[in-house]
Structures are given as structure tokens and as C-alpha cells.
Amino acid sequence: VVNFAHGELVIGGSFVAYVLFGALGLPPLASVPVAAVAFFGLGWVAYYLLIPRLDRSDDPETMSFLLMYGLSIALAATLLLLFGADSRSIDYAFEPISIAIGPVNVSTARVVALAITILVAAAMGVFLFRTMPGKALRAAAMNREAIQIIGVDIVRLSALAFAIAFGIAGMTGVLIALVFPAFNPFSGAEYSIIGFIVIVLGGLGNPVGALIAGMFYGVAEQMATVFLPQALAQIVGFALLVGTILVRPTGLFGFRVLR
């Protein structure tokens, strides 16, 4: 299931932080676990409402594309209905506002976001490589049918993966609201595209490859904005995507499936 609604979920997390800060005065960092838990539950429910129906389709893969694309439109429309089309921001700043790292001053918000990202990535690494559910998820990515033979409940396992993806998207939205000055209901498409590019670069089914590819894409995009005109810098990600598909269709760290 390719989740084309991932970007809208991310922006949904940003609006959760916006509402909690505006209505309850809750600091954005305190919104991170709230968004994670809320979106995890939303993902669990959404899986059982939407995904099992795809198995009864004649073409589950195509139907999953259409379903998740429709969900992305529905989520964007819901955010538009609730918050309007105007860009919103969270009027919150850390003290100090920047941190000196050698000769470079870095925004404190970016340093905090990086620290949380590292912690979440480390936690995901421990989960995927050191726990039985995590190992089962990696096995399912390699051979979905084989793990069912040994008694793994593939539906429940898939629901867990779906819910974790929703939870991480919610946390990401809170961090984006901290780092970037504004967001609106239509900002999600950009993050969905970035996520798609990163997954293709890293290789499907390889979580470590996705992490490395994400850093590679981020550096390439930022370097492009320095050395290229802004209009050209935006196509760097698509150039990387097309180049990877042409040279190595399995991704930089992917593996070829033997049949």
C-alpha cells in the first residue's frame, strides 16, 4: 500500500500542534507524544476500515493507489474546511533562538527537531531489528506469504505497520511546525512527493536505506538551492528519482527479488 496521504497526515500533525498551542497553551514539544498517540490510533482504525477491502479487489495494487490518493484529497479538504486556506504558524520560540556550532549559528528549533528525529530513528531501529514484531515486519516485506505459514497474523501485523506510519507522520508534522515558518492544508503534497522520492532512492523494504537516502536527498536539495537558480533547484529531487530508476531500479540500497 503506497500511502499518498502521508503528506496530509504530516500537515495534520502540524495543525494538531497549532490547536493545542492556541487553545491550551501546550508547548509544541509536548504535542509530539500527543500527536504520535492520536495518529497511531487513527492509523489503526483507518487500516481496518479501508485496507482489508483491497484484498477482495481484482487489482489490489491499483486500488490501493486510488484509495490512498482519494484519502489524501479528503484529508486536505477536511483541513481546508476546519482551518481555511490561509497559512498558519505557531508563535513559539526557543531560548536561545540559535545555537553556535563552531562558526555557524543554527536555529535551536532545527537542533531540537534533529535530536528528536535521531531518537525516533534509533527507537525504530531497535524495534525493527531487536523485537519480534519488528523482525516479523521486515520478514513480511521480503515474503508476505511465507510468514503466514508459520502462524503470523498478517492483518494485525500490517495494521501495526500502518499505525506506526501514521504516528510518525503526526510527530513529523509537529516538528515541521517548529522548524518552518508557515503551513497550510495544501502543503501535504510536497511532503508526499519527498517521501516517495526517498523511498525509491533507498529501496523498497529497506528502512536503513530510506534513512540514508533521506539524508542524501536533503543535502542534495540544499546544495542545489545554493548553486542553482531556485527554479532549477526544485527539479533536483525528480532528477535523482529518474536517474535511480534508470540505473538501479531496486534503489541504492534495495535488493532484487528472486522468483
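Remember, it's a predicted structure, so these values are computed and weren't measured experimentally. Here the residue index of a chain counts from 1 through its sequence in written order. In keeping with the predicted nature of the model, local features appear solely for residues at pLDDT of at least 70, side-chain atom pairs appear and are counted solely at 80 or more, and the whole-chain, interface and lining totals rest on all residues. For side-chain calculations, the full set of non-hydrogen atoms in the structure is used, while hydrogens and water are omitted.

Novice: In this structure, what is going on with the nonpolar core? I would like to understand it.
Specialist: Considering soluble globular proteins, one finds that nonpolar side chains tend to be buried as a cluster. What makes a nonpolar core is a set of buried Ala, Val, Leu, Ile, Met, Phe, Trp, Tyr and Cys residues whose side-chain atoms join them at distances within 4.5 Å. Whether a residue is buried, partly exposed or exposed follows from its accessible area with a 1.4 Å probe, protein chains only, as a fraction of its type maximum: under 20%, in between, or over 50%, in that order. Phe15, Ile51, Phe162 and Phe166 are the most contacted members of the largest nonpolar core, which has 34 residues in total. By the criteria applied, helices consist of DSSP H or I runs no shorter than four residues and strands consist of E runs no shorter than two, each listed in order from the N terminus. Contributing elements (two or more residues each) for this core: α1 (6-24), α2 (28-50), α3 (60-83), α4 (108-130) and α7 (154-179). The element best represented in this core is α7, accounting for 10 residues. Contacts are residue-level and defined by heavy atoms, with any inter-residue pair within 4.5 Å sufficient. Those residues in contact with Phe162 that sit more than four places away from it in its chain are Val1, Gly43, Ala46, Tyr47, Ile51 and Met68. The next biggest cluster of nonpolar side chains, apart from the first, holds 10 residues, and it includes Leu128, Ala136, Ile147 and Ile154.

Novice: How should I be thinking about the confidence of the model for the chain in this particular structure?
Specialist: For residues with low pLDDT, the predicted coordinates do not support detailed interpretation. Predicted confidence across the chain gives a mean pLDDT of 86, with 97% of residues reaching 70 or more. Mean pLDDT values over the elements of the chain span from 72, in helix α10 (residues 230-233), up to 93, in α2. Think of pLDDT as the predictor's per-residue confidence, scored from 0 to 100.

Novice: Sorry if this is basic, but what is going on with the pairing of strand β2 (residues 104-107) here?
Specialist: As a general feature of sheets, a regular strand has side chains that alternate between the two faces. When strand β1 (residues 98-101) meets β2, the two strands line up antiparallel, connected through 4 bridges. By the bridge assignment for β2, Ile99 is matched with Val106. The pairing criterion is simple: DSSP has to find at least two bridges between the two strands.

Novice: I tried to follow the environment of Arg56 on my own but got confused; where do I start?
Specialist: By the element assignment, Arg56 lies in the loop between α2 and α3. As for Arg56 and Leu9, which are separated by 47 residues in sequence, their C-alpha atoms are 26 Å apart.

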